[in-house]
Number of protein chains: 2
Amino acid sequence: MSKEVPVIRNVLEANDQLAEELRRELRVRKILCLNLISSPGAGKTTVLERTLTDLAGEFKMAVIEGDLQTDNDARRVAATGAQAVQVNTEGGCHLDSAQVFHALRALDLEGLDILFVENVGNLVCPAEFEVGEDYKVTLLSVTEGDDKPEKYPLIFHISAVMLLNKIDLLPYVDFDMDKASAHAARLNKDIEVFPISARSGENMEAWYGWLRHKRAEKL
Amino acid sequence: MSKEVPVIRNVLEANDQLAEELRRELRVRKILCLNLISSPGAGKTTVLERTLTDLAGEFKMAVIEGDLQTDNDARRVAATGAQAVQVNTEGGCHLDSAQVFHALRALDLEGLDILFVENVGNLVCPAEFEVGEDYKVTLLSVTEGDDKPEKYPLIFHISAVMLLNKIDLLPYVDFDMDKASAHAARLNKDIEVFPISARSGENMEAWYGWLRHKRAEKL
């Protein structure tokens with residue numbers, strides 16, 4: 001009779017097992033972890049800059065920045081006073097749990113309330129790779145078009161929040177907020193939709209309310 | 001002495017061999033083939049709609065549309081009168097040569113002048129997969145930010161053209177055209193940059209001039 005041996009079935013399973021370990025560690029420390037996903041240029045870093053600034057007195061926050069190249073984004077968020085660490089994927093199209101595991105070792109987790117993981121700009125591949133997050137938060141900028149939930153369904157299906165960013169540009173583009181929200185709701189009846197402008201600050205309070213609520217649930 | 005046997009080293013090599021076959025077939029037929037790449041929502045389909053309409057009397061053109069889901073884009077370009085075929089990648093983050101090979105069988109290639117392949121919206125993964133194209137044409141919309149060539153360098157390094165789209169929105173966003181062009185030029189000294197608005201039609205003639213020139217070179 002052969003002895004049972006552990007089998008790692010594939011790269012996704014190995015990634016998810018490490019993600020589960022990360023999740024356990026963050027749960028013990030009561031840190032809310034959010035995985036921010038969007039197309040390139042939808043405004044993830046700008047949303048973070050404003051959030052880190054506006055909530056600086058309320059929460060201790062840190063950011064893991066994922067990019068193919070450069071440390072531009074880590075420098076941008078570090079300028080708000082938050083801890084930041086940059087992961088360069090060197091061409092890789094998404095962050096994975098191992099990268100986040102190593103990045104966490106470069107952060108001081110003591111007393112941390114919220115950890116943001118800003119994924120590589122890509123609406124497809126990051127959907128497949130957990131990184132230890134409590135929730136996925138997907139940004140869609142109104143300049144990208146209201147058909148995007150329908151055309152990139154998986155990421156909206158598995159995200160807790162859709163931030164509809166750049167609403168300051170609504171007068172200049174053809175974007176139907178109701179259509180985009182209805183598509184997202186068909187993919188995921190529980191998705192929360194917050195129309196915001198990270199540039200002007202409009203309606204950011206709704207997003208902060210969600211953050212406060214989810215952080216409180218970790219305690 | 002062992003006989004030499006053919007070895008397919010990896011998935012990328014297999015893809016590139018089929019791309020080379022596609023390229024040979026298209027060369028014999030004198031069809032210019034362009035691989036259109038961008039982030040989701042940068043305007044690939046809108047650029048195609050206007051190009052197909054404006055040049056309808058001049059060239060016989062066809063489009064292979066790549067999307068995770070839906071046939072929205074193939075229907076949009078077919079409405080211009082051009083031939084169109086939709087490839088659904090069902091979650092796949094890029095088109096590959098095999099998909100284009102099959103899609104070509106659904107098109108009437110007789111007398112065709114230009115074949116556009118509109119890739120999945122993704123600035124990362126499509127850079128790695130040839131699909132038989134003569135040239136890669138990468139779109140960057142000005143709403144995405146002027147840092148994108150620096151942050152997604154490979155695709156700009158290997159593209160013949162960068163279409164800077166949505167210049168009608170320049171008054172409402174922070175985008176430095178010179179900075180974006182300079183970054184792209186550092187990655188690729190031969191890249192041609194055309195600032196355009198597919199929505200307003202501004203400066204499309206420069207792009208059409210490039211198309212005419214490259215099509216003439218195939219004859």
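The structure we're discussing is the one just above.
Throughout, residues of each chain are indexed from 1 in the direction in which the sequence is written. Written order decides the labels, with chains lettered from A and ligands numbered from 1. Note on the predicted model: pLDDT of at least 70 is required for a residue's local features to be given, and 80 or more for side-chain atom pairs to be given and counted; whole-chain, interface and lining totals, by contrast, use all residues. The side-chain quantities take in all heavy atoms of the structure and omit both hydrogens and water.

Student: Break down the relation of the copies chain B and chain A for me, citing the residues and quoting the values.
Tutor: For the match of chain B to chain A, the screw axis carries a shift of 0.0 Å, the RMSD comes to 0.0 Å, and the turn is 180°. Taken together, these values place the two copies in the relation of a two-fold axis. An overlap of 100% is found between the interface residues of chain B and their copies at the interface of chain A, pointing to a shared contact surface. Residues below a pLDDT of 70 in either copy are left out; the C-alpha atoms of the rest, at least 70 in both, set the least-squares superposition of the copies. Contact between two residues is taken to exist if any of their heavy atoms lie within 4.5 Å; hydrogens are not considered.

Student: Describe in detail the sheet that holds strand β2 (residues 61–67) of chain B, supporting the description with residues and values.
Tutor: Residues and elements named next belong to chain B. Strand order in the open sheet formed by seven strands is β3-β2-β4-β1-β5-β6-β7, with parallel pairing between adjacent strands. Each of the sheet's edge strands pairs with one partner strand only, and the pair in question is β3 (83–88) and β7 (192–195). In this sheet, neighbouring strand axes are inclined to one another by 20° on average, regardless of whether the strands run parallel or antiparallel. A pair of strands is treated as paired once DSSP finds two or more bridges between them. Starting at the N terminus, helices and strands are each numbered in turn, a helix being any DSSP run of H or I of at least four residues and a strand any DSSP run of E of at least two. Here strand β5 (residues 135–141) runs beside strand β6 (residues 161–165); their pairing, made up of five bridges, is parallel. Note that in β6 the partner of S141 across the bridge is N165. Here, axes are lines fitted to C-alpha atoms. For helices the fit covers the stretch in contact, and angles between N-to-C directions go from 0 to 180 degrees.

Student: Describe helix α1 (residues 11–28) of chain A, and please don't skip the residues or the numbers.
Tutor: Residues and elements named next belong to chain A. Compared with the 26 Å implied by 1.5 Å per residue over 18 residues, the 26 Å span of α1 between its first and last C-alpha is a close match. Relative accessible area decides the class of each residue, using a 1.4 Å probe on protein chains only: under 20% of the type maximum gives buried, over 50% gives exposed, and in between gives partly exposed. Among all positions in α1, only N15, A19, L22, R23 and L26 are buried. The buried side chains of α1 occupy one side of the element, clustering within an arc of 105° when seen end-on. At its buried positions, α1 is contacted by β1 (32–37), α4 (97–104) and β4 (114–118). Under the convention used throughout, the expected extent of a helix is 1.5 Å for every residue step, that is, one less than its residue count. An arc is given here, and it is the one of the directions from the helix axis to the C-beta atoms.

Student: Residues and numbers for the pairing of β2(B), please.
Tutor: Residue and element names in this part refer to chain B. With seven of seven residues buried, β2 lies mostly within the body of the structure. Two strands pair when backbone bridges link them, and β2 and strand β4 (residues 114–118) are joined in this way by five bridges, in the parallel orientation. Bridge pairing links V63 to F116 in β4. Here β2 pairs with β3 via six bridges, running parallel. Note on β3: the bridge partner recorded for I64 is V85. The β-α-β motif built from β2, the intervening helix α3 (residues 72–78) and the parallel element β3 has right-handed crossover chirality. Look down the strands so they point away from you; if going from the first strand over the helix to the second traces a clockwise path, that crossover is right-handed.

Student: How would you explain empty space enclosed by the protein if you had to name every residue and give the values?
Tutor: Here the term cavity refers to a set of points on a 1 Å grid, laid over the protein atoms alone, in which a 1.4 Å probe fits but cannot get out; the term pocket refers to an open set having protein on both sides within 12 Å along at least five of seven lines, with lining residues being those that place an atom within 4 Å of a point. Grid points are joined across faces, edges and corners, and a volume is the space filled by probe spheres set on the points. Counted according to the given criterion, the structure contains one cavity of 30 Å³ or more. Size it by volume and the largest cavity reaches roughly 50 Å³. Taken together, 15 residues line the largest cavity, and the ones lying closest to its centre are E144(A), P40(B), S141(B), T143(B) and E144(B). Per-class residue counts for the lining of the largest cavity are four nonpolar, eight polar and three charged. Lys, Arg, Asp and Glu make up the charged group, whereas Ala, Val, Leu, Ile, Met, Phe, Trp, Tyr, Cys and Pro make up the nonpolar group; the residues left over, Gly among them, are polar.

Student: Any details on the interface of chain B and chain A? Residues and values, ideally.
Tutor: Contacts between the two partners involve 31 residues from chain B and, on the opposite side, 31 residues from chain A. The contact between chain B and chain A buries some 2,600 Å² in all, and 55% of this surface belongs to carbon and sulfur atoms. The term salt bridge refers to a side-chain nitrogen of Lys or Arg lying within 4 Å of a carboxyl oxygen of Asp or Glu. Our count for the contact surface shared by chain B and chain A stands at six salt bridges. Among the ionic pairs, D73(B) bridges to K151(A), the shortest N-O distance being 2.5 Å. Polar contact is the term for a pair of N or O atoms within 3.5 Å; when the atoms are in protein, one must be able to donate a hydrogen and the other to accept it, and sequence-neighboring residues count only if both atoms are side-chain atoms. Between the two partners, chain B and chain A, sit 15 residue pairs in polar contact (both at pLDDT 80 or more). Considering each element in turn, the side of chain B that touches chain A owes the most residues, three residues, to helix α5 (residues 148–151) of chain B. The buried area of a pairing is the accessible area, by a 1.4 Å probe, that goes missing from both parts when the two are put together, added over both.

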